[in-house]
Amino acid sequence: MTNFTSAVVKLESQQGSTEPAARAGWNSKVEYFLAQVGFSVGLGNVWRFPYLCHQNGGGAFLLLYVLLMLVVGIPLFFLELAAGQAIRQGSIGVWRYISPRLAGIGYSSCVVCFFVALYYNVILAWSLFYLGNSFQYPLPWEQCPKQGNLTVKECEKSSPTSYFWYRKALDVTDSIDETGSFNTYIVCCLLAAWTIVCLGMFKGIKSSVKVMYFSSIFPYVVLFCFLIRGLMLDGALEGISYMFYPKLEIWADIQVWRQAATQVFFALGLGFGSIIAYSSYNPKNNNCHRDAFTVSAINFLTSVLATLVVFAVLGFRAKGKVVECVVRYLSDHLHSGDVDTILIPHFNFSDPGSVSVEDYTVWFKQHGHDVPGNLTECDLEKEMQKGVEGTGLAFIAFTEAMSLLPGSPFWSALFFLMLLNLGLSTMFGTMEGILAPLTDRFKTLAKNKTKLTIFSCIIGFLIGLLFTQRCGNYFVMMFDDYSATLPLIIVVVFETFSVSWLYGADRFLDDIEGMLGWRPHVIYKYLWKYICLLAMLGLLAATTIRMFITRPTYMAWNQDKASEEYLKYPGWALAVMALLIIFAMMPVPVALIHAVLQDRTKLTSRDTEIGRYSIVNTDDKCETPMTDMSDLDQRIWKNLFHLNFKHIQRIIPSF
């Protein structure tokens, strides 16, 4: 090896030694897929999507959802995947790389992730509480408790599952103004939930992915088990038919478009920074374009699978309630003997249990209003609409349906174990959206990532105690509705604008071509620059207008009435909502102002240096730091030239 080559190798090795260690990566493509799918497929797929689909036109909503997924969701998902993979940094590093003035976007994502982690882990605590109570027979929510020889009035007026949820699990107050004491059981479950998250995140993706092998796959096993069992239940087909019956007129309702776009937005996990963080651990040549379509398709199919399961089981529950309704009213009214013979139905009402719901519905529409007394239609669809969203679906409606199944403790334990695993996978992604950007940005935190993880979990638990008060459920609703929605939409608007307009869509496509070896279709340029950006601005406007026009409300439990009711948030709660939104978005203008001031400071110092050195007489042989560096550079290049010239002299004679 020549002296010149030895010098170059030595120089390169010295430079390489000063660079940071190589970024951690996935051991296999399977691990990456489990992480991305586990994060994007969460509790919303099970208890939010089915409700929206049923309330907004069934099959028509599905078509609208797929349209928005293709036009807006997948392009934005692809954008975040490509940005993370190309720059190989968390959300803060990615947007700081594009422009230091945009670093606030990444910090806002971290703040929103922290807000979501606070209340999301409380839902895991609830799941742990129900899981622990599932290992007994009969289940504690199957029957109303008794005080002496009398049934508890609150339970008698409502239902065993509603009573157990609101009184036993939450011991909820009548409004958000009444704080109440801490719920000891939920506090212990919250501590257990944060401990599980901490242990799973202890060594970053290397430890969390091991948990994901179970937490990402197990929910699908449970969903298929519930689907097979659900399809065998009486009323399952009625539930599914009501679910997918298309109502195309809903396409004219702007609120349906808003709800579909919001669901696409949250289903894929856009704006959290977790997609960027997970993608940053990929090799440069990974086909992130294919990943965007694959993960989105799995997410959508999971939502459809969960919808089939939910409405098969809810159809069974609703059919049972409607049959009870038919039996009760036929027994009370038609056996009294006061009914005109013309109004008597053709079916055998002497055995009300054998009467089909369809026959009763047809007869009721013809003669029901002429029968004396308060006769009820006993409508199946109205029954299915009761308590089928969010916690009402998981902890009341679905729980009640499972209590009717043979071997109910087994199905209950299976269901809440599924909820726990769905939530854990999402929590790992949410925490990665906080930890990865901070450790990428600050070297001190990177050296102490384990301590940062433990510290974050401790802080999360301490602040999360707010949600374990008797009024904690109302704060969960507040955070779920207002701490993330508006800030995340604004974050994605900034992301889309910064990539497509500031950095340049063509330039970004060039970077992707350099990674993949082929250039994505030019349609992405126009989708990012116009369609996605305008869609997100429209969603932002619709969400903001709705917040200002309609005073925010929450669903409270009235103990005296033993029923749910909507109450308006008090003034102080509205102030808290505003502070949550402002605090989440504050990093964007703060980082912009900081970068502008920093640029001006550098410019001022540079002008001062130019002024200082401009008065120096260059004819003099005085030495300055600048001339020292110049002389040093000249000596280095002169030596390198001599080394290279001698090398050429040795090579030429050989020819």
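Residues numbered from 1 in each chain as written. Predicted model: local features only at pLDDT ≥ 70, side-chain atom pairs only at ≥ 80, totals over all residues. Heavy atoms only, no water.

### Re the overall build of the chain
Here is step 1 of the chain: Secondary structure assignment for the chain yields 28 helices and 4 strands.
Here is step 2 of the chain: Within the chain, buried positions represent 52% of all 655 residues.
Here is step 3 of the chain: Here the contacts in the chain between residues at least 6 apart in sequence split such that 80% fall between residues at least 24 apart.
Here is step 4 of the chain: Split by element, the accessible area of the chain, about 31100 Å² in all, is 62% carbon and sulfur. (Helix = DSSP H or I, 4+ residues; strand = E, 2+ residues; numbered from the N terminus. Buried < 20%, exposed > 50% of the residue type's maximum accessible area, 1.4 Å probe, protein only. Contact = heavy atoms within 4.5 Å. Areas by Shrake-Rupley, 256 points an atom, 1.4 Å probe, with all protein chains shown as cover.)

### Quick word on the UniProt feature "binding site: Na(+)" (unreviewed entry) in the chain
Here is step 1 of the chain: Using the residue numbers shown here, the UniProt feature "binding site: Na(+)" (unreviewed entry) corresponds to Gly38, Val41, Asn45, Asn299 and Leu422. A maximum C-alpha distance of 12.5 Å is found for the annotated residues, which run over 385 residues; spatially they form one tight group.
Here is step 2 of the chain: Examined against the element boundaries, Val41 turns out to sit in the loop between helix H2 (29-40) and helix H3 (43-47).
Here is step 3 of the chain: Sequence-distant contacts of Val41, defined by excluding residues within four places in its chain, comprise Tyr220, Asn299, Thr302, Leu422 and Thr426.
Here is step 4 of the chain: The residue Leu422 is located in helix H20 (residues 408-441) in this model.
Here is step 5 of the chain: Residue class for Leu422 comes out buried when judged on its relative accessible area of 6%.
Here is step 6 of the chain: Not counting residues within four places of it along the chain, the set of residues in contact with Leu422 comprises Gly38, Val41, Gly42, Leu43, Val46, Ser215 and Pro219. (UniProt positions renumbered as here; feature names shortened; annotations may be inferred.)

### Regarding the state of the cysteines
Here is step 1 of the chain: Here the structure, examined in full by the defined rule, presents 1 disulfide.
Here is step 2 of the chain: At a sulfur-sulfur separation of 1.9 Å, the disulfide partner of Cys144 is Cys155. One quick way to see it: the torsion about the S-S bond of Cys144 and Cys155 is about -80°, and its sign makes the bridge left-handed. Of this pair, Cys144 sits in the loop between helix H7 (103-133) and strand E1 (146-147) while Cys155 is found in helix H8 (residues 153-157), placing the two residues 11 residues apart along the sequence.
Here is step 3 of the chain: Judged by its relative accessible area of 23%, Cys144 is partly exposed. (Disulfide = S-S within 2.5 Å.)

### Quick notes on the packing of aromatic side chains
Here is step 1 of the chain: Applying the stated criterion to the full structure yields 47 aromatic pairs.
Here is step 2 of the chain: Residues Trp165 and Phe395 carry aromatic rings whose centres are separated by 4.5 Å and whose planes lie at 5° to one another, so their mutual orientation is stacked. Residue Trp165 is found in helix H9 (residues 160-169), and its partner Phe395 is found in helix H19 (residues 390-403); the two are separated by 230 residues along the sequence. For the pair Trp165 and Phe395, one class covers both residues: buried.
Here is step 3 of the chain: Between the aromatic rings of Phe415 and Phe416, the centroid separation amounts to 5.1 Å while the plane-to-plane angle is 75°, which identifies the pairing as edge-to-face. Phe416 matches Phe415 in its accessibility class, with the two residues each being buried.
Here is step 4 of the chain: Positioned over the ring face of Phe442 is Arg441, at 5.4 Å from the centre of the ring.
Here is step 5 of the chain: The ring of Trp501 has Lys529 sitting right over it, with the charged end atom 4.2 Å from the ring centre. (Phe/Tyr/Trp six-rings, centres within 6.5 Å; stacked < 30°, edge-to-face > 60°. Lys NZ or Arg CZ within 6 Å of the ring centre and 35° of its normal.)

### Focus: the confidence of the model for the chain
Close reading of the predicted structure is inappropriate where its pLDDT is low.
Here is step 1 of the chain: Model confidence for the chain is summarised by a mean pLDDT of 80, while 79% of its residues fall at 70 or above.
Here is step 2 of the chain: Ranking the elements of the chain by mean pLDDT puts helix H1 (residues 3-18) last, at 37, and helix H10 (residues 184-200) first, at 94.
Here is step 3 of the chain: Contacts of residues 1-21 to residues separated by more than four positions or lying in other chains number 6 contacts, the stretch itself having pLDDT below 50.
Here is step 4 of the chain: Predicted confidence for residues 613-655 stays below pLDDT 50, and this span has 10 contacts to residues more than four positions away or in other chains. (pLDDT = per-residue confidence, 0-100.)

### Brief notes about the pattern of salt bridges
Pairs may arise between side chains of opposite charge once their charged atoms sit close together.
Here is step 1 of the chain: Here the structure, examined in full by the defined rule, presents 9 salt bridges.
Here is step 2 of the chain: Where Arg101 meets Asp599, a salt bridge forms, and the shortest distance between an N and an O atom there is 3.3 Å. In this pair, Arg101 sits in the loop between helix H6 (91-98) and H7 while Asp599 sits in helix H27 (residues 587-614), placing the two residues 498 residues apart along the sequence.
Here is step 3 of the chain: Under the relative-accessibility criterion, Arg101 is labelled partly exposed at 37%.
Here is step 4 of the chain: Given the relative accessible area of 36%, Asp599 is considered partly exposed.
Here is step 5 of the chain: One network of salt bridges, with partners in common, ties together Glu154, Arg167, Asp171 and Arg470. (Salt bridge = Lys/Arg side-chain N within 4 Å of Asp/Glu carboxyl O.)

### Quick word on the pairing of strand E4 (residues 563-568)
Here is step 1 of the chain: Note that strand E3 (residues 553-558) and E4 share 6 bridges and pair antiparallel. Looking across to E4, one finds that Asn558 is bridged to Ser563.
Here is step 2 of the chain: What sits between the antiparallel neighbours E3 and E4 is a turn of 4 residues, in which Ala562 has the positive phi angle 55°. (Pairing = 2+ DSSP bridges.)

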